[in-house]
Amino acid sequence: MAHWKDSIVLKIVNVIAFLVFTTSNAFANLAPGHSIGSQKVTYITPAPWLFTVWPIIHVLLLGSLVYQFFPAGYTPVIEVIGWRLPVLALLTSIYSGFAAAEKAQTINSILAFVTILIIAGLVSHLYRDLRVKHENKNLLDVLFVSLPFSLFHGFVVVLVFVSAFAAFGREKDIHAAASVILEAVVGIATKGGNHHGGVHEPGTVLPEPHHHHGPGIATNVLVFLSLLFLEATSAGYVFSGKGDVAGAAVITFSLLAIFDYQRDAPFIHWSALAFFIISLIALVRALIATFTNRGRIALSDEERAPLVA
């Protein structure tokens, strides 16, 4: 039976890495001028409420840190996850810094995208090992070993697309709608107070018209394909191997968050809703199958691999 002092160096490093991980995310999200998940806003950016997944992951990983000191948690946390946990925490902290940077935003967005790709590879490797090599033996295994990395993996899949569009996609003019309303109000006021018979009084300064250009055809197509991939990945989570409702739920509600935020881009807005509904149906079916112990598709261990590697 493992003693709490076994692999004490790794356990201490895990604690330090967790503190860095939590602090960096808190700084990136709560620093003045930043909102949760702050990055260049594009036509696939989800609503800020989706990024509350981070605090949930933090709480679960805090449980993992405590669990590693107990005999039941030694094998999954220390032997299966191992040094990948502190490395993952460090990389995620670096990603948060790049994503939240205000200066040289284009360069930092590209660096954030490269970093999230590395994170995706690492967390996919870890996720696969947990799915194939580890069997949950109790509720603590589920809560503090499997669940945080299921959420992490699902969220990273979403962040890959968000970061890709932030790095290479077209920036969304989030002030366009407000500008149009302001121009209309100012125009009416100017017309009522300074406009007589179609002639403006001398000295009247009219607002410069604001031209809003929505997503082009290429952007619509790329976002649609990205949404399709996210929906397919969500379905893959619930219907492959042991099934992963938590990871599927993160991706499913990311589609809802995109629908919520992209209200001024009708094609993207309604496409996201359609894919959310399809994904939600698959998620509900998986939940029903889990509780009734029917309808699960069993695959071999070699096939129990994440869709993003």
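What counts, and where the lines are drawn
- Residues numbered from 1 in each chain as written.
- Predicted model: local features only at pLDDT ≥ 70, side-chain atom pairs only at ≥ 80, totals over all residues.
- Heavy atoms only, no water.
- Helix = DSSP H or I, 4+ residues; strand = E, 2+ residues; numbered from the N terminus.
- Buried < 20%, exposed > 50% of the residue type's maximum accessible area, 1.4 Å probe, protein only.
- Contact = heavy atoms within 4.5 Å.
- Areas by Shrake-Rupley, 256 points an atom, 1.4 Å probe, with all protein chains shown as cover.
- Polar contact = N/O pair within 3.5 Å; in protein donor to acceptor, adjacent residues only side chain to side chain.
- Phe/Tyr/Trp six-rings, centres within 6.5 Å; stacked < 30°, edge-to-face > 60°.

### A closer look at the overall build of the protein chain
Here is step 1 of the chain: The helix and strand tally for the protein chain stands at ten helices and two strands.
Here is step 2 of the chain: When the elements of the protein chain are put in sequence order from the N terminus, they spell out α-α-α-α-α-α-α-β-β-α-α-α.
Here is step 3 of the chain: Looking at the protein chain as a whole, 47% of its 309 residues are labelled buried.
Here is step 4 of the chain: For the protein chain, contacts bridging at least 24 residues in sequence account for 80% of all contacts bridging at least 6.
Here is step 5 of the chain: Here the protein chain displays about 15600 Å² of accessible surface, and carbon together with sulfur accounts for 71% of that area.

### A closer look at the side chain of Thr 45
Here is step 1 of the chain: By secondary structure assignment, the location of Thr 45 is in the loop between α1 (8-30) and α2 (53-67).
Here is step 2 of the chain: Here Thr 42 takes part through its backbone nitrogen, which lies 2.8 Å from a polar atom of the side chain of Thr 45.
Here is step 3 of the chain: Residues in contact with Thr 45, not counting those within four places in the same chain, are Lys 40, Ile 258, Tyr 261 and Gln 262.

### Some points on the packing of aromatic side chains
Here is step 1 of the chain: Per the stated rule, a full pass over the model turns up 13 aromatic pairs.
Here is step 2 of the chain: Arranged with centres 5.8 Å apart and planes meeting at 80°, the rings of Phe 21 and Trp 54 form a pair that is edge-to-face. Separated by 33 residues along the polypeptide, Phe 21 in helix α1 and Trp 54 in helix α2 bring together distant segments of the chain. Grouping residues by exposure puts Phe 21 and Trp 54 together as buried.
Here is step 3 of the chain: Residues Trp 54 and Phe 155 carry aromatic rings whose centres are separated by 5.2 Å and whose planes lie at 80° to one another, so their mutual orientation is edge-to-face. Of this pair, Trp 54 sits in helix α2 while Phe 155 sits in helix α6 (residues 139-168), and the two are 101 residues apart along the sequence. Residues Trp 54 and Phe 155 agree in their burial class; the two are buried.
Here is step 4 of the chain: Three or more aromatic residues link up through ring pairs in this structure, and these residues are Phe 21, Phe 51, Trp 54, Phe 152 and Phe 155.

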